[in-house]
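Coordinate analysis (summary)
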Amino acid sequence: MSARHLQITFDCADPAGLAGFWAVALGYELEAPPPGFATWDEALAAWGVPPELHNSRSALVDPDGAGPRVFFQQVPEGKTAKNRVHLDLRAAPGLEGPQRMDALEKAAEELLALGASRVRRVEPGQEMSAGFLVMADPEGNEFCLD
């Protein structure tokens with residue numbers, strides 16, 4: 001079996017809003033509209049998509065082309081339970097102890113300003129780890145700063 005391309009998909013209420021959060025968190029950018037269109041709204045209008053559905057989808061891409069595409073799709077139901085799969089944002093690679101935790105806290109502050117929330121802090125040595133922060137995005141999806 002050959003390798004497959006990976007896309008990460010978020011079910012959400014506000015695709016544009018959540019895409020904006022994750023673009024900053026991941027250092028990604030919004031996927032460009034198709035050739036011939038200056039904006040997605042222009043493309044969607046040309047395709048006959050009603051304005052009330054323009055925020056039903058959004059996507060991010062890695063500007064370097066190395067990481068997976070991240071897709072956001074609007075769903076009617078809200079999040080009801082803990083994620084079974086989550087993202088770990090490697091915000092302190094190679095750092096240990098207080099330096100590591102300081103770097104994680106700095107990254108957390110930036111994401112808190114964008115609407116994230118803090119779930120808990122795990123200190124170095126706890127849970128067989130070097131320490132990490134559990135966070136949630138603006139729609140409550142858990143992720144770790146690791």
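The preceding data block contains the structure.
Turning our eyes to something else, we now look at the overall build of the chain. A count of helices and strands for the chain gives 3 helices and 8 strands. From first element to last, N terminus to C terminus, the chain shows the α and β order β-α-β-α-β-β-β-α-β-β-β. Dimensions of the chain, computed from C-alpha atoms along their principal axes, come out at roughly 55 × 35 × 35 Å. Out of the 146 residues in the chain, the part that is buried amounts to 32%. In the chain, the share of contacts with a sequence separation of at least 24, taken over all contacts with a separation of at least 6, comes to 57%. Accessible surface, the chain: about 9000 Å² in total, of which carbon and sulfur atoms supply 55%. Side-chain charges in the chain split into 12 positive and 22 negative, and the spacing between the mean points of these groups amounts to 8 Å.

Applying the stated criterion across every chain yields a total of 9 salt bridges. Arg 90 is the salt-bridge partner of Asp 146, the closest N and O atoms lying 3.5 Å from each other. Remark: Arg 90 occurs in the loop between β5 (87-89) and α3 (97-113) and Asp 146 occurs in the segment after β8 (142-145); sequence separation between them is 56 residues. By relative accessible area, Asp 146 is classed as buried at 19%.

The rules we used
- Residues numbered from 1 in each chain as written.
- Predicted model: local features only at pLDDT ≥ 70, side-chain atom pairs only at ≥ 80, totals over all residues.
- Heavy atoms only, no water.
- Helix = DSSP H or I, 4+ residues; strand = E, 2+ residues; numbered from the N terminus.
- Buried < 20%, exposed > 50% of the residue type's maximum accessible area, 1.4 Å probe, protein only.
- Contact = heavy atoms within 4.5 Å.
- Areas by Shrake-Rupley, 256 points an atom, 1.4 Å probe, with all protein chains shown as cover.
- Lys, Arg positive; Asp, Glu negative; His and termini not counted.
- Charge placed at Lys NZ, Arg CZ, Asp CG, Glu CD.
- Salt bridge = Lys/Arg side-chain N within 4 Å of Asp/Glu carboxyl O.

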